[in-house]
Amino acid sequence: MGVQRFLVKVSPGVDSQPFTFGDMPVAVRSRPLMPSIDQAPKKGKALAAVASPPGTWHIVEPSLAADSSANPWDVCHEMVSQGMGIAGHGAVTFAEPDFAQQWFTGPEEEHLKALQQACTADEQDKNFPIGSRNDWYRDNSHADLAGLDGSANGAGVRIAHLDTGYDPAHESKPVNLEVELARNYVDKDRPNDATDDTSGFWNNRGHGTGTLSILAGAKVAGVGIPGVAPQAKVVPMRVANRVELFYNSAIAEAFNRVHEMCQSAATAVDVVSMSMGGLASQAWADAINALYDAGVVVVTAAGNNYDNFPTHNIVYPARFGRVIAACGAMADQKPYADLGFGKMAGNYGPPKKMRTAMAAYTPNIPWARFECPKTVRFDGAGTSAATPQIAGTACLYIQANRKELAKLPEPWMRIEAVRQALFKAAAKLSSEKFGNGVLRAKAALAEPVAAADTLKKEDEDSASFELLKVLTGMGLAVQGKARQRFDLEDVAVLHRTGRLEIGEASLLIAVSCGHRAASFEAGHWLVNEI
């Protein structure tokens, strides 16, 4: 089976009990996944089609053998249908595998090359557009961070940084790194230590150290390039031992910790910066909805690809409407997208998501080098490098407008006011791949806080439709072909199993496309393929 843990949502007030899978009784162990979020009052009126069912989330570990051939989604189905042995219909409202997800950062040969590199300050990669200076992205032709007054430094604003941790010896370590609030959701033996102790053949090359240096890094001697918000308070949260491998549960627990911190003014988080993502998770959707209601601005990476493989569409949680997706723009102001064979590019789309996406600059961004205390590379790449630029600028806007933002009657309005300023000020460079445009920090800070009656609440996020895609192997086999063949925005296939009576529905196909005729044609093709 591979998957040994599951994220399960149960009706309030019930506990996990043994259930059966086929003819085999299965005992389970469980613990709360997101207790702070589960206890939060639900706000707003979500449409029934997308609203998350009520309940509390748990991490559940069934006593199934590691070499079991059981499909993890079949186990989820049994949990929901049997209620994990709980009396009463509908006790289990949702279940999903706790997948180990992979964040795409490059082919294997790049990882092998990194293992052999010393503490060198790699120059900008000439395979991509380069800037006239190593801090080119800060000039007034790009993000315009250099044009800001020195007091725009993020002082008094708190950012949660979700990544692989940080290098405690690197000179770029933020001056206000709040190690006393740190959390580690990877290493059970050090839950409050978010330092990155990456080791082994497939190490992550200090991804968290690099993104942290862009977000809020201190100046490194001889380099002199600060992070976007160098005086911000930063809470490090280690959610992956390498960006290529993290668990859904780790991200969910980190989001829950952010929500928990927001229950006290002394520890409240203003911004989340996360340079990773993957497949949809309903637990993530519930967490994002809770953070939105708490007034936390969430910025996450759109994702990376090579020649649009594995996909050019924005990954989750950046795909959620309540999250700002960080796409990429290069030094020549062209999209960091569709770059062809052999070059890593950033993700974009589908069109419905680009409404809450924007771009910042990448590649060839200064990137602190892990385990090299005085070294900064100048070839930082991927949407991982764009994300902290946007999150850091959101932090600067909050610093400059704290009093006015506090006057807004609802916490979610703070998010929408920040997003409106960033989106309105962004450079409109005539590409749908930039979403609302490309980051312009100085112009964003000049935007006034929008009036409450002009702000519109974003619809509640849900991942349930996306998760339909992976309920059957057959659906997975044909959906990619259909997406490419008919230029679909999205496709889901659900095939029932077991005994059915004549006349009962056995197949569900859902497609999303810009043209009605293509949608019908795709549906017809999928039926024939299956």
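Here's a quick rundown of the structure.

Tracing the backbone through its elements, the reader meets Arg-238 in strand S10 (residues 233-238). The exposure class of Arg-238 is buried, given its relative accessible area of 1%. Sequence-wise, Arg-238 and Arg-183 are 55 residues apart; in three dimensions their C-alpha atoms are separated by 6.4 Å. Of note is the side chain of Arg-238, whose polar atom sits 2.9 Å from the side chain of Asp-187.

Right, let's get into the sheet that holds strand S4 (residues 28-32). Strand order across the open sheet formed by 4 strands is S4-S5-S1-S6, with antiparallel pairing between neighbours. Here the strands that pair on one side only, and so sit at the sheet edges, are S4 and strand S6 (92-97). The mean angle between the axes of side-by-side strands here comes to 30°, regardless of whether they run parallel or antiparallel.

When you line up the elements, Val-223 lands in the loop between helix H4 (207-216) and S10. The class for Val-223 is partly exposed, based on a relative accessible area of 27%. Spatially, the C-alpha atoms of Val-223 and Lys-374 are 8.9 Å apart, while their sequence positions differ by 151 residues. Not counting the four nearest positions on each side in its chain, Val-223 is found in contact with Val-376 and Phe-378.

What follows deals with H4. Burial analysis of H4 places 10 of its 10 residues in the buried class, the great majority of the element. Of all the positions in H4, only His-207, Gly-208, Thr-209, Gly-210, Thr-211, Leu-212, Ser-213, Ile-214, Leu-215 and Ala-216 are classed as buried. On its buried side, H4 packs onto strand S8 (158-163), S10, strand S13 (271-274), strand S19 (365-368) and helix H7 (383-400).

The next thing to look at is the packing of H4 against H7. Helix-helix packing: each pair is described by the crossing angle between the helix axes and the interaxial distance. For the pair H4 and H7, the least separation of the axes is 8 Å and the interaxial angle reads 35°. For H4 against H7, the interelement crossing comes out right-handed. On the side of H4, the interface is formed by His-207, Thr-211, Ile-214 and Leu-215, while H7 contributes Ser-384, Ala-385, Pro-388, Gln-389, Ala-391 and Gly-392.

In the structure shown here, the tally under the stated rule is 7 aromatic pairs. Seen from their ring centres, Trp-136 and Tyr-361 are 5.7 Å apart, and the 80° between their planes marks the pair as edge-to-face. Of this pair, Trp-136 sits in the loop between helix H3 (108-115) and S8 while Tyr-361 sits in strand S18 (residues 357-361); the two residues are 225 residues apart in sequence, bridging distant segments of the chain. Exposure class is identical for Trp-136 and Tyr-361. Each is buried. Aromatic pair Tyr-292 and Trp-412: ring centres 6.4 Å apart, planes at 10°, arrangement stacked. Residue Tyr-292 is found in helix H6 (residues 282-294), and its partner Trp-412 is found in helix H9 (residues 411-425); the two are separated by 120 residues along the sequence. One exposure class covers both Tyr-292 and Trp-412, and it is buried. By the ring-pair criterion, three or more aromatic residues cluster together here, those being Trp-136, Tyr-137 and Tyr-361. Taking the ring centre of Tyr-247 as reference, the NZ or CZ of Arg-5 above it sits at 4.8 Å. One residue, Lys-343, lies across the ring of Phe-128, its end atom 5.5 Å from the ring centre.

What counts, and where the lines are drawn
- Residues numbered from 1 in each chain as written.
- Predicted model: local features only at pLDDT ≥ 70, side-chain atom pairs only at ≥ 80, totals over all residues.
- Heavy atoms only, no water.
- Helix = DSSP H or I, 4+ residues; strand = E, 2+ residues; numbered from the N terminus.
- Buried < 20%, exposed > 50% of the residue type's maximum accessible area, 1.4 Å probe, protein only.
- Polar contact = N/O pair within 3.5 Å; in protein donor to acceptor, adjacent residues only side chain to side chain.
- Pairing = 2+ DSSP bridges.
- Axes fitted to C-alpha atoms, helices over the stretch in contact; angles between N-to-C directions.
- Contact = heavy atoms within 4.5 Å.
- Left-handed = near helix turned anticlockwise from the far one by under 90°.
- Phe/Tyr/Trp six-rings, centres within 6.5 Å; stacked < 30°, edge-to-face > 60°.
- Lys NZ or Arg CZ within 6 Å of the ring centre and 35° of its normal.

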